[in-house]
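# Topology and contacts: notes
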Amino acid sequence: MARLIRLRPGAGAIDGRAVDALVEAVDSGQVVLMPTDTVYGLAATASRAGIESLARVKGRDAGKPVAVLVATPGQGLALFDQPQQGLVRVAKAGWPGPLTLVAAAGAGAPTGMSSNGTIGVRCPDHELVRRLTERVGPIAVTSANPAGGEPLCDLRNWGELAKVWPEARSIDCLVDGGPLPGTASTVVDGSAEPSGMPRLLRAGPIEFDRIVSWWLQVPEDTP
């Protein structure tokens, strides 16, 4: 039976026991369901084995890319291959937040996490996620729903969802963080090829015009 942990609403700092439970589960190769700053996610180790576990629970092809969540902008940027300055500016302005950046994977990217040489990275504005990734490193995450379904934004619906999603019974640890905003992150291709500009892959909470303004920002020390 899955372990259920409820975060106390309005309690301020995240209970360390919740973090400890997630660290133990992820480190042992389990799949966990946890809140982020957008929707609930399924999380596992950032590895080929982790991706396969997520695909099995979600009921989809293991070859479909998943995002990597990190604790800090610096931890995220370290996963890219020589990110250009526009991408660095966007990451520093938009993280932590509901923004996923896709660019060429670097040597520091977790094995098996790149798709066609690129990797999608996000630093969420959620203390639980960031404390987990501070301790275990980047984690592989996909939205918590069966393939083709709507992302889960409230665990009060979990019982009904589990009835029609039998694979969810294999989830080892669930964290109830209460109702979430329910809008998935903005996804942007930051490789800037061939136009020299970022490209919107999925609209989300952060408007693309704002991202472009961060990308084009002139450094303060420019004459």
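In short, a report on the structure. (Residues numbered from 1 in each chain as written. Predicted model: local features only at pLDDT ≥ 70, side-chain atom pairs only at ≥ 80, totals over all residues. Heavy atoms only, no water.)

Our focus in this paragraph is the overall build of the protein chain. Per the secondary structure count, the protein chain includes 7 helices and 10 strands. Here the C-alpha radius of gyration of the protein chain, 17 Å, is about what a compact globule of 223 residues would show, namely 17 Å. Accessible surface for the protein chain amounts to roughly 10900 Å². Of this, 49% is attributable to carbon and sulfur atoms. Side-chain charges in the protein chain split into 21 positive and 23 negative, and the spacing between the mean points of these groups amounts to 4 Å. (Helix = DSSP H or I, 4+ residues; strand = E, 2+ residues; numbered from the N terminus. Rg over C-alpha atoms; globule rule 2.2 N^0.38 Å. Areas by Shrake-Rupley, 256 points an atom, 1.4 Å probe, with all protein chains shown as cover. Lys, Arg positive; Asp, Glu negative; His and termini not counted. Charge placed at Lys NZ, Arg CZ, Asp CG, Glu CD.)

Turning our attention to the pairing of strand β5 (residues 99–104). A regular strand carries its side chains on alternate faces of the sheet. A large share of β5 lies buried, amounting to 5 of its 6 residues. Bridge count for β5 against strand β6 (residues 118–122) is 5 bridges, and the pairing is antiparallel. Within β6, the residue paired with Ala 104 across the bridge is Thr 118. (Buried < 20%, exposed > 50% of the residue type's maximum accessible area, 1.4 Å probe, protein only. Pairing = 2+ DSSP bridges.)

We now examine helix α2 (residues 48–58). Among all positions in α2, only Gly 50, Ile 51, Ser 53, Leu 54, Ala 55, Val 57 and Lys 58 are buried. In the stretch just after α2, Gly 59 is the one whose phi turns positive, near 75°.

Here we take up the nonpolar core. The biggest cluster of nonpolar side chains holds 46 residues, and the ones touching the most others in it are Leu 33, Leu 42, Phe 80, Leu 101, Trp 158 and Ile 171. The contacts of Leu 33, once residues within four sequence positions are left out, are Tyr 40, Gly 41, Leu 42, Ala 144, Leu 152, Leu 155, Trp 158, Ile 171, Cys 173, Leu 174 and Val 175. Counting residues in each nonpolar core, the second largest holds 21 residues, with Leu 7, Ala 18, Val 26 and Met 34 among its members. (Core = buried A, V, L, I, M, F, W, Y, C linked by side-chain atoms within 4.5 Å. Contact = heavy atoms within 4.5 Å.)

Time to look at the sheet that holds strand β4 (residues 67–69). One open sheet holds the 10 strands; their spatial order is β1-β8-β2-β3-β7-β4-β6-β5-β9-β10, and the pairing between them is mixed. The outermost strands of the open sheet, each flanked by one partner alone, are β1 (3–6) and β10 (199–202). Direction aside, neighbouring strands of the sheet carry axes that sit 30° apart on average. Note that strand β2 (residues 32–34) and strand β8 (residues 173–176) share 2 bridges and pair parallel. By the bridge assignment, Leu 33 is partnered in β8 with Leu 174. Relative to β2, helix α1 (residues 16–27) is tilted by about 145°, and along the sheet it contacts β1, β2, β3 (41–45), β7 (139–143) and β8. (Axes fitted to C-alpha atoms, helices over the stretch in contact; angles between N-to-C directions.)

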